[in-house]
Amino acid sequence: MHLDHPDTYPHRHTYTAATPTRPDGTRRALRIGLGGPVGSGKTATVAALCRALRDQLSIAVVTNDIYTREDAEFLLRNAVLAPERITAVETGACPHTAIRDDISANLEAVEDLEDSVGPLDLVLVESGGDNLTATFSKGLVDAQIFVIDVAGGDDIPRKGGPGLTTADLLVVNKTDLAPYVGVDLEGMARDAKAQRGELPVAFTSLATEGGVAPVRDWVLERLAAWAAA
Amino acid sequence: MSTMSAALLVLADGRFPAGGHAHSGGAEAAVKAGRVTDGASLEAFCRGRLHTAGLTAAGLAAATAAGIDPLAVDAAADARTPSPALRAAARRLGRQLMRAARAAWPSPELDALAAALPRGAHQPVVLGLVARAAGLGPLAVAHAAAYEAVSGPATAVVRLLSLDPFEATAVLARLAPELDAVASAAADAAGAALVEGLDALPAPAAPLLDITAEQHAAWPVRLFAT
């Protein structure tokens, strides 16, 4: 039987984000993951990014709701994108598994979106709310954003954790609430700098008009680098 | 052909990244209905699933591993899966397994099936073809299919009921002799199917699993995909 193939079948690298092209040879979309604790503003960030960029880019979104379709439905209800550009993946009570340890369902969702509504420039993959250790697999996304908020406590940057310390962009959201929850934004910035070195941090208030601008600008930089690579 | 191969451990590992973690194998619906509440009822659920859906899946996987045309076995799988929700889930899981397996055990046979059914073949069919690529025989892959039929629900019930994980694992250990028997029966049936055709494969059904799978697919709030 097939205990040993007579010739070693060529090793493949073609089934994950490791390759920048699709099976038909065209360049695939840039994939950016958004993770972070429950309620920090991941879905709001995705919605704001879609509104800010949809006129200049072809965008699709994959949500990873843990036990509902709430996030996908929020995006649909707010009509940030056409419904066919939004897909929900079910994660079996384990959001980090679906974005890190077993990325197969998310990869299929991304590829199906590219097939059905493509060509796309940008796919945003939003994780279900998780803890500070949540990171996206490099097999799934090209870059990741970690979203926390000031109301979650100003000690979070100090606590660190792989999600927070290694994300390509850390977003500290809800800065408008800082005075009401007694949070020291400069202290958060210092702690984040200590944990993340030169990796960027964006302070946002999505409740404010144009509040997503720092994240939008970062995404556009990544897209320019992706296009040039 | 021996079942004693480390490749079988890799393939049957609960961490094998082929999408199984998002499925409860009907356990979520059974928990909600109050039919699974503890270790004893989990064992009864798993035993029922093993001798119905588990045996059917093991037979399909073994037949594919034995060299029967995977497209023909895929049609036999459709005929043995009355629930549209479960047919869709089986193809989704087959596609996910295909992705992981093509990276783990690249093979022209896997490429051919992926090209023929890009939206996914039934998971047990893909599993049988993966076994060929990994150098595993029909009996070995029947073990893997039978084990999946019970390990998925056991893991899910730990999450759904906060069941003691040691108790859930003990359930699986107690079922091991029955798993062996089901795998043997499935491999024997695959041998018969080589001679007599695919009707020789087992087709026991679990109507309650089919009915609750359809209901579960319509729930607005759930932890698992099935």
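These numbers come from a predicted model, not from an experiment. (Residues numbered from 1 in each chain as written. Chains lettered and ligands numbered in written order. Predicted model: local features only at pLDDT ≥ 70, side-chain atom pairs only at ≥ 80, totals over all residues. Heavy atoms only, no water.)

Secondary structure summary: chain B contains 10 helices and 0 strands in total. Moving toward the C terminus, one meets the helices and strands of chain B in the order α-α-α-α-α-α-α-α-α-α. A compact globule built from 226 residues should have a C-alpha radius of gyration of about 17 Å, and chain B, at 16 Å, falls within 12% of that. A principal-axis box enclosing the C-alpha atoms of chain B has dimensions of 45 × 35 × 35 Å. In chain B, which comprises 226 residues, the share counted as buried stands at 57%. Sequence-distant contacts in chain B: of pairs separated by 6 or more residues, those separated by 24 or more amount to 80%. With 17 positive and 19 negative side-chain charges, chain B shows a spacing of 9 Å between the two charge centroids. (Helix = DSSP H or I, 4+ residues; strand = E, 2+ residues; numbered from the N terminus. Rg over C-alpha atoms; globule rule 2.2 N^0.38 Å. Buried < 20%, exposed > 50% of the residue type's maximum accessible area, 1.4 Å probe, protein only. Contact = heavy atoms within 4.5 Å. Lys, Arg positive; Asp, Glu negative; His and termini not counted. Charge placed at Lys NZ, Arg CZ, Asp CG, Glu CD.)

Turning our attention to the environment of Leu71 of chain B. Residue and element names in this part refer to chain B. Following the sequence through the fold, Leu71 ends up in helix H4 (residues 70-79). Considering only alpha carbons, one finds Leu71 and Leu50, 21 residues apart in sequence, at a separation of 24 Å. Not counting chain neighbours up to four residues away, the residues in contact with Leu71 comprise Leu113, Ala116 and Leu117.

Below, the discussion takes up the interface of chain B and chain A. Listed as interface residues are 35 residues of chain B and, on the opposing side, 28 residues of chain A. Both sides together, the interface formed by chain B and chain A hides about 2600 Å², and carbon and sulfur atoms give 51% of it. Sorting the residues of chain B by area buried against chain A places His21, Arg99 and Leu223 of chain B first, and these three jointly supply 24% of that buried surface. In this structure, the connection of chain B to chain A is made through 6 salt bridges. The tally of links between chain B and chain A comes to 10 residue pairs in polar contact (both at pLDDT 80 or more). Those elements that place two or more of their residues in the side of chain B that touches chain A are helix H5 (84-104), helix H6 (108-116), helix H7 (123-134) and helix H8 (138-161) of chain B. (Buried area = accessible area lost by both parts, 1.4 Å probe. Salt bridge = Lys/Arg side-chain N within 4 Å of Asp/Glu carboxyl O. Polar contact = N/O pair within 3.5 Å; in protein donor to acceptor, adjacent residues only side chain to side chain.)

Attention now goes to the side chain of Arg102 of chain B. Here Arg102 of chain B shows up in helix H5. In this structure the side chain of Arg102 of chain B is engaged in a polar contact, spanning 2.9 Å, whose partner is the side chain of Asp111 of chain B.

Moving on: the nonpolar core. Ranked by internal contacts, the top residues of the largest apolar core, which has 67 residues, are Leu11, Leu42, Leu97, Trp105, Leu127, Val130 and Leu136 of chain B. Those residues within four positions of Leu127 of chain B in sequence are excluded, and the remaining contacts are Leu11, Ala61, Leu97, Val141, Ala144, Ala145 and Glu148 of chain B. In this structure, Ala48, Leu49, Trp218 and Val219 of chain A belong to the second largest nonpolar core, which totals 31 residues. (Core = buried A, V, L, I, M, F, W, Y, C linked by side-chain atoms within 4.5 Å.)

All names here are of chain A. With 5 of its 5 residues buried, strand E2 (residues 59-63) lies for the most part within the structure. Of the two faces of E2, the one lined by Ile59, Val61 and Thr63 and the one lined by Ala60 and Val62 are each fully buried. In the sheet, E2 pairs with strand E4 (residues 122-126) via 5 bridges, with the strands oriented parallel. The residue of E4 that forms the bridge with Val62 is Val125. Viewed along the sheet, the connection from E2 through helix H2 (residues 70-77) into strand E3 (residues 86-88) turns out right-handed. (Pairing = 2+ DSSP bridges. Right-handed = clockwise from strand over helix to strand, strands pointing away.)

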